[in-house]
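# Coordinate analysis (summary)
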Amino acid sequence: QVQLVESGGGLVQAGGSLRLSCAASGGTLSSYAMGWFRQAPGKEREFVAAITWSGGITYYKGSVKGLFTISRDNAKNTVYLEMNRLKPEDTAVYFCAAGLAIHGGTLAGITYWGKGTPVTVSS
């Protein structure tokens, strides 16, 4: 059973940056496509970014393209989300997920979820 643990969230001013990490235990992430999702208060969880198992292809929600970067280090069993020029509307709990593939521009066949790390962007 793979467990995913996110870290790196916190409070940041608008225009600032944060780097989220998602570390896996109990198994290897190297055979999974990985993704980041977020859920703002009162809203549904939404896709943010995804990366193929090799790290060769990435996908992003349109509004974060060019601002956020997803990456992975399979040797460290960790996935990252670098977030730059943060805006108050980026405030949410950020979750990482492991899935079977990327389909339709999002992570599909999600097998594991982390419990999330909160990000608050102040104006």
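Anything mentioned here points back to the structure above.
All values reported here derive from a predicted model rather than from experimental measurement. (Residues numbered from 1 in each chain as written. Predicted model: local features only at pLDDT ≥ 70, side-chain atom pairs only at ≥ 80, totals over all residues. Heavy atoms only, no water.)

### With respect to the sheet that holds strand 3 (residues 18-25)
Two modes of strand pairing occur in sheets, parallel and antiparallel, and in both the strands are linked by backbone hydrogen bonds. With respect to topology, 4 strands assemble into an open sheet ordered 1-3-8-7, the strand pairing being antiparallel. In this open sheet, the two strands that pair with only one neighbour each are strand 1 (3-7) and strand 7 (68-73). Within the sheet, the average angular offset between the axes of one strand and its neighbour, ignoring direction, is 15°. (Pairing = 2+ DSSP bridges. Helix = DSSP H or I, 4+ residues; strand = E, 2+ residues; numbered from the N terminus. Axes fitted to C-alpha atoms, helices over the stretch in contact; angles between N-to-C directions.)

### Some remarks on the packing of aromatic side chains
Geometrically, a pair of aromatic rings is defined through the distance of the ring centres and the angle of the planes. Summed over all chains, the structure comprises 4 aromatic pairs. For the ring pair Phe37 and Phe47, a centre distance of 5.7 Å and an interplane angle of 75° mean the geometry is edge-to-face. Within this pair, whereas Phe37 is found in strand 4 (residues 33-39), its partner Phe47 is found in strand 5 (residues 46-51), the two being separated by 10 residues in sequence. Residue Phe37 shares its accessibility class with Phe47, and that shared class is buried. Taken together through their ring pairs, the aromatic side chains of Phe37, Phe47, Phe95 and Trp113 make up a single cluster. Here the basic side chain of Arg45 rests over the ring of Phe95, its NZ or CZ set 3.7 Å away from the ring centre. The cationic tip of Arg45 hangs over the ring face of Trp113; the distance from NZ or CZ to the ring centre is 4.5 Å. (Phe/Tyr/Trp six-rings, centres within 6.5 Å; stacked < 30°, edge-to-face > 60°. Buried < 20%, exposed > 50% of the residue type's maximum accessible area, 1.4 Å probe, protein only. Lys NZ or Arg CZ within 6 Å of the ring centre and 35° of its normal.)

### Observations regarding the environment of Thr117
Counting through the fold element by element, Thr117 comes out in strand 13 (residues 117-122). Exposure remark for Thr117: the relative accessible area of 6% places this residue in the buried category. Taking the C-alpha atoms as reference, Thr117 lies 14 Å from Val48; in sequence the two are 69 residues apart. Setting aside anything within four residues of it in sequence, one finds Thr117 in contact with Glu6, Ser7, Gly8, Gly9, Leu20, Ala92, Val93 and Tyr94. (Contact = heavy atoms within 4.5 Å.)

### Notes on the state of the cysteines
A complete count under the given rule lists 1 disulfide for this structure. What pairs with Cys22 in a disulfide is Cys96, and their sulfur atoms sit 1.9 Å apart. On the sign convention where negative is left-handed, the bridge of Cys22 and Cys96, at about 45° about the S-S bond, is right-handed. Remark: Cys96 occurs in strand 9 (residues 92-99) and Cys22 occurs in strand 3; sequence separation between them is 74 residues. (Disulfide = S-S within 2.5 Å.)

### Structural notes on the layout of surface pockets
Here the largest pocket is characterised by a volume of approximately 210 Å³. In terms of lining residues, the largest pocket is bounded by 16 residues, among which Arg38, Glu46, Lys61, Glu89 and Asp90 are the most central. Grouping the constituent residues of the lining of the largest pocket by class yields 5 nonpolar, 3 polar and 8 charged. (1 Å grid on protein atoms, 1.4 Å probe; cavity = no way out; pocket = protein on both sides within 12 Å on 5 of 7 lines; lining within 4 Å. Points joined across faces, edges and corners; volume = space filled by probe spheres on them. Nonpolar A, V, L, I, M, F, W, Y, C, P; charged D, E, K, R; others polar.)

### What about the pairing of strand 7?
In the case of a regular strand, side chains alternate between the two sheet surfaces. Burial along strand 7 is one-sided: Phe68, Ile70 and Arg72 are buried, while Thr69, Ser71 and Asp73, pointing the other way, are not. Between the end of strand 7 and the start of strand 8 (residues 78-83), which pair antiparallel, lie 4 residues, with Asn77 showing a positive phi angle near 55°.

### What about unusual backbone geometry?
Look at Asn77: it is not a glycine, yet its phi comes out positive at around 55°. Relative accessible area serves as the criterion here: at 14%, Asn77 is assigned to the buried category. For Arg85, which is not glycine, the phi torsion reads 50° and is therefore positive. For Arg85, the location among the structural elements is in the loop between strand 8 and strand 9.

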